[in-house]
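# Per-entry structural report
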Amino acid sequence: MPITIVRDDITRMDVDAVVNAANTTLLGGGGVDGAIHRAAGPMLLKECMTLGGCKMGQAKATKGYDMPCKYIIHTVGPVWNGGGFGEEQLLSSCYKNSLELAEQLGCKSVAFPLISAGAYGYPIADAADVALRSINEYLCGSDMRVTLVVFGLRTQLMDEAEIEEIRRYISESTAPPTGGLRRRRILPSAQPEPQPTEQAQDGKSFSQAVIKRMTELEIADSELCRRANISGSLFAKIREGGGYQLKKSEALGIAAALSDDTDSLAELLSLAGYSFSSSERADLIVKYLFDKHRTDIADIERTLFSLDAGLLGEA
Ligand code: ADP
């Protein structure tokens, strides 16, 4: 998948490049910077000493040394000063410049920590939002895989109050009615699972409907990939319409990218042989967000991750 979010320690990631949230000296520090220097070994500091530091928002690369990655890309995030000092733009530049450098180095997979979200004080939910949007915009149909690594069991990418609100919505939507007072909410296609037709099974009718909607909405291939969080190569298979059997997460990502309400989303999804179901957490979360006109993929992925409901797009 172009963007994945995982809860892990970035020093263990098996990727071509790991990004380090460094400081302007590039001579090591605490947090993720300290962890990366410890894992890479003393040769990393030696190479860093030759680089002459790095400006905020910029990025410089070194070898990976004892880490599993080939390269470490050091970028310097902004210190949070309340949000009125260009922090968002600087943070976004960190992601874009790091990805550009990774691409120049021929990397196919990159892992990022939540830059600036530790000692530099950027509010975590906002930092995650900037991270996912910046990565999503940069990738836009590319086949590079990017992992956003969230550290620690307690780190949440959304406000706790909002997570609670969505949890309540899920339990109200799935709980059986009690004493006739609470009525179960039914999703548009909460009816019996549709039986995939011959056409839907080989993906033809879904792919035709996707192309038709893209034409109506004047959406280019790369924009569809960005909105659905899928790679250009997966989209090429869908366009061909051959026997490729989409996973539900992929079909849901694509349907969400081409719909602005849950009825049209459910209709498109059914052509891929899946139902939009009131008993699945991911479907309910997408419905919750769509009802609030929140259809942006970065927002959807962050919410799904925060509620342990998997991700959309390509698995
Ligand atoms: P900054 O100075 O840019 O805020 P920090 O290292 O203090 O950088 O924190 C950035 C983020 O990295 C925080 O969300 C922190 O929890 C996280 N972090 C710390 N150690 C690791 C690690 N080993 N792997 C992944 N993320 C980490």
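Note: the structure precedes this text.
What counts, and at which threshold
Chains are numbered independently. Their residues run from 1 in the order of the written sequence. With pLDDT at 70 or above as the cut-off, local features in this predicted model cover only qualifying residues; side-chain atom pairs require 80 or more to be listed or tallied, and sums for whole chains, interfaces and linings still use all residues. Just so you know, side-chain values use all the structure's heavy atoms and leave hydrogens and water out. Working definition: a ring pair exists when centres of Phe, Tyr or Trp rings (six-membered ring for Trp) sit within 6.5 Å. Plane angles under 30 degrees give stacked, over 60 give edge-to-face, the rest tilted. Working definition: helices are DSSP H or I runs of at least four residues, strands are E runs of at least two. Numbering for both runs from the N terminus. Partly exposed residues are those whose accessible area sits between 20% and 50% of the maximum for their type, while under 20% is buried and over 50% is exposed, using a 1.4 Å probe and protein chains only. For every element, the axis is a line fit to its C-alpha atoms; helices are fit only across the contacting stretch, and the angle between N-to-C directions ranges from 0 to 180 degrees. For classification purposes, an angle smaller than 35 degrees is called roughly parallel, one larger than 145 roughly antiparallel, one from 65 to 115 roughly perpendicular, and anything else oblique. Helix crossings fall into two classes, left-handed where the near helix is turned counterclockwise from the far one by less than a right angle and right-handed where it is turned clockwise. Contacts between residues were defined by any pair of non-hydrogen atoms, one from each residue, lying within 4.5 Å. Patch construction takes residues with relative accessible area above 30% that form no salt bridge. Like charges are linked within 9 Å, and nonpolar side chains (Val, Leu, Ile, Met, Phe, Trp, Tyr) are linked within 5 Å. The Shrake-Rupley method, run with a 1.4 Å probe, gives the accessible areas here. Residue values count only the displayed protein chains as cover. Whenever a carboxyl oxygen of Asp or Glu lies within 4 Å of a side-chain nitrogen of Lys or Arg, that contact is scored as a salt bridge. When charges are tallied, Lys and Arg are placed among the positive residues and Asp and Glu among the negative ones, while His and the ends of the chain are skipped. Where a charge lies is defined by one atom per residue type, namely NZ (Lys), CZ (Arg), CG (Asp) and CD (Glu). The criterion is simple. A nonpolar core is a set of buried Ala, Val, Leu, Ile, Met, Phe, Trp, Tyr and Cys residues joined through side-chain atoms within 4.5 Å. Residues are said to line a cavity or pocket when one of their atoms sits within 4 Å of a point; the points come from a 1 Å grid over protein atoms alone, cavities being sets where a 1.4 Å probe fits but cannot get out and pockets being open sets with protein on both sides within 12 Å along at least five of seven lines. Grid points are joined across faces, edges and corners, and a volume is the space filled by probe spheres set on the points. Just so you know the grouping, Ala, Val, Leu, Ile, Met, Phe, Trp, Tyr, Cys and Pro go in nonpolar, Asp, Glu, Lys and Arg go in charged, and all remaining residues, Gly too, go in polar.

### Thoughts on the packing of aromatic side chains
Scanning the model with the defined rule gives three aromatic pairs in all. Consider the rings of Tyr95 and Phe112, whose centres lie 4.8 Å apart with planes at 45 degrees: the pair is tilted. Placement of Tyr95 in helix H3 (residues 87-104) and of Phe112 in strand S5 (residues 109-112) is noted, with a sequence separation of 17 residues between them. Residue Tyr95 is classed as buried on the basis of its relative accessible area, which comes to 0%. A relative accessible area of 0% means that Phe112 is categorised as buried.

### Focus on the packing of helix H10 (residues 248-257) against helix H11 (residues 262-271)
Where H10 contacts H11, the axes come no closer than 9 Å and their chain directions differ by 140 degrees. The orientation of H10 relative to H11 falls into the category oblique. Pair H10 / H11 crosses with right-handed handedness. The segment H10 lies against H11, with Lys248, Ala251, Leu252, Ala255 and Ala256 engaging Leu265, Leu268 and Leu269.

### Side note on a negative patch on the surface
A grouping of Glu88, Asp126, Asp159 and Glu160 is seen on the molecular surface, where their side chains present a negatively charged patch. Among the structural elements, Asp126 can be located in helix H4 (residues 124-139).

### Remarks on the nonpolar core
If you look at the biggest cluster of nonpolar residues, it comprises 45 residues, and the most contacted ones within it are Ile230 and Ile254. When contributions to this core are tallied by element, the ones reaching two or more residues are helix H5 (160-174), helix H7 (204-217), helix H8 (221-228), helix H9 (232-240), H10, H11, helix H12 (281-291) and helix H13 (297-306). In terms of residue count, the dominant contributor to this core is H12 (seven residues).

### Overview of a nonpolar patch on the surface
On the surface, Leu27, Leu45 and Met49 cluster together to form a nonpolar patch covering roughly 290 Å² of accessible area. Here Met49 is to be found in helix H2 (residues 42-49).

### Some thoughts on the layout of surface pockets
Estimated volume of the largest pocket: approximately 570 Å³. Along the walls of the largest pocket sit 25 residues, with Ala21, Gly31, Val32, Leu114 and Gly118 positioned nearest its centre. Taken together, the elements giving at least two residues each to the lining of the largest pocket come down to strand S2 (17-22), helix H1 (31-40) and strand S6 (145-150). In terms of residue count, H1 provides more of the lining of the largest pocket than any other element does, four residues in total. Across the lining of the largest pocket, the residue classes tally to 14 nonpolar, eight polar and three charged.

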